[in-house]
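# An overview of the molecular structure
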Amino acid sequence: MPLAENARELFLPAACASCRSAPAAGGGLCPDCAADLASLRPVLATPAVRGAPPAVAAGPYAGTLAEALNEYKERARRELAPVLGGLLGRALAVVAAEVPGAVLVPVPATRAARRARGFDHVAAACARIPGPVPVHPCLRALPRPDSVGLSPRQRSLAARRSLRTTGRAAALAATGRPAILVDDIVTTGATLHAAAEALRAAGVVAAAAITVAAA
Ligand SMILES: [Zn+2]
């Protein structure tokens, strides 16, 4: 980033990550957009991919939520992590009672995406989910082709090839605790299905998923 832009960011209050017109209060959003997100009700997503775990999203991918999520991902507005973590927490409240003893397993970013953004955006939001459910990262992402233009079937295959468990999955399997997958967005469910399959191969049941948004 050029020095002039750096200086501007230092001295001017950042604009709201969602409407981009009002100045951001705490957490990267203006009060109106923050209130908008606070009024969202979790929705049950219906993934097209069969075998994907049931997913609850904090809200539909639209309006204020879609804008905030895009800014968080594409412009690395990391200050949104607590707000998005709070939203994930609301989705979690819907499923937690159904999956007693569960741990949260974030869907990992590829190394390339992490490098481009400077952080793993799902892991960062996952770390801000309030409450007692522990986070147990045990998935890793191999490089994968851009999913734009792929058919649902090709997407599914690419996702399945790209997700692997780490050594920590065996430790989780040994506890017998189920997993709740955490991702930013559910569209076809291909990624969640692939994550669930990878965990299943390691002896872990992914009983449900929570996401920030459902497309
Ligand atoms: Zn705003």
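In this text the structure is predicted, and so the values were computed from the model without any measurement. (Residues numbered from 1 in each chain as written. Predicted model: local features only at pLDDT ≥ 70, side-chain atom pairs only at ≥ 80, totals over all residues. Heavy atoms only, no water.)

### Considerations on the pairing of strand 2 (residues 55–60)
Burial of strand 2 is extensive: five of the six residues sit out of reach of the surface. Taken together, the three bridges between strand 1 (residues 43–45) and strand 2 define a ladder with antiparallel strand orientation. For A45, the partnering residue across the bridge sits in strand 2 and is A55. Bridging between strand 2 and strand 7 (residues 206–214) involves five bridges; their strand directions are parallel. (Buried < 20%, exposed > 50% of the residue type's maximum accessible area, 1.4 Å probe, protein only. Helix = DSSP H or I, 4+ residues; strand = E, 2+ residues; numbered from the N terminus. Pairing = 2+ DSSP bridges.)

### Some remarks on the pattern of salt bridges
Tallied over the full model, the rule gives seven salt bridges. Between D184 and K73 there is a salt bridge whose closest N-O contact spans 2.9 Å. On the criterion of sequence distance, the pair formed by D184 in strand 6 (residues 179–186) and K73 in helix 3 (residues 63–74) is long-range, its members being 111 residues apart. Exposure class is identical for D184 and K73. Each is buried. Residue R200 pairs with E197 through a salt bridge whose shortest N-O separation is 3.0 Å. In this pair, R200 and E197 are both assigned in helix 9 (residues 190–201), three residues apart and thus about one turn of the helix distant. Take R200: its relative accessible area is 56%, and that puts it in the exposed class. Several salt bridges share partner residues, and in doing so they unite R20, E67, E71, R75, R77 and E79 into one network. (Salt bridge = Lys/Arg side-chain N within 4 Å of Asp/Glu carboxyl O.)

### Points about the side chain of D183
Of note, D183 is situated in strand 6. In this structure D183 is buried but unpaired, with K73 as the nearest side chain of opposite charge at 7.1 Å. Setting aside residues up to four positions removed in sequence, D183 forms contacts with L88, V107, V122, T191, L192, I210, T211 and V212. (Lys, Arg positive; Asp, Glu negative; His and termini not counted. Contact = heavy atoms within 4.5 Å.)

### Quick look at the side chain of D120
Counting through the fold element by element, D120 comes out in the loop between helix 5 (111–117) and helix 6 (121–126). In terms of polar contacts, D120 uses its side chain to reach the backbone amide nitrogen of A109, at 3.4 Å. In contact with D120, other than residues within four places in its own chain, are P108, A109 and R114. (Polar contact = N/O pair within 3.5 Å; in protein donor to acceptor, adjacent residues only side chain to side chain.)

### Overview of unusual backbone geometry
Positive phi values are uncommon outside glycine, yet R20 reaches one of about 60 degrees. Positionally, R20 belongs in the loop between helix 1 (3–11) and helix 2 (31–38). If you check the backbone angles, A76 has positive phi at about 50 degrees while not being a glycine. The residue A76 is located in the loop between helix 3 and helix 4 (81–95) in this model.

### Details of the confidence of the model for the chain
When pLDDT is averaged across the chain, the result is 92; 94% of the residues are at 70 or more. In the predicted assembly, ipTM is 1.00 and pTM is 0.91. (pLDDT = per-residue confidence, 0-100.)

### A look at the coordination of the zinc ion
Ideal geometry at a metal centre: 109.5 degrees between donors when four sit tetrahedrally, and 90 or 180 degrees when six sit octahedrally. The coordination sphere of the zinc ion, as far as protein atoms go, consists of C16 (SG), C19 (SG), C30 (SG) and C33 (SG), spread over 2.3 to 2.4 Å. Coordination at the zinc ion comes from four donor atoms whose angles at the metal span 104 to 114 degrees, giving a geometry best classed as tetrahedral. Along the chain, the residues donating to the zinc ion fall in the pattern C-x2-C-x10-C-x2-C. You can see C16 sitting in the loop between helix 1 and helix 2 and its partner C33 sitting in helix 2, a full 17 residues away along the chain. A relative accessible area of 0% places C16 in the buried class. (Donors = N, O, S within 2.8 Å, 3.2 Å for Na, K, Ca; no water. Tetrahedral: all angles 85-135°; square planar, octahedral: opposite > 155°, others 65-115°.)

### Remarks on the packing of helix 7 (residues 152–162) against helix 9
When two helices pack together, their arrangement is given by the angle between their axes and by how far apart the axes lie. The interhelical angle for the contact between helix 7 and helix 9, taken along N-to-C directions, is 35 degrees, at an axis separation of 8 Å. Relative to helix 9, helix 7 is oriented so that their crossing is right-handed. When helix 7 is examined against helix 9, the residues R155, S156, A159 and R160 are found in contact with a partner set consisting of A190, T191, H193 and A194. (Axes fitted to C-alpha atoms, helices over the stretch in contact; angles between N-to-C directions. Left-handed = near helix turned anticlockwise from the far one by under 90°.)

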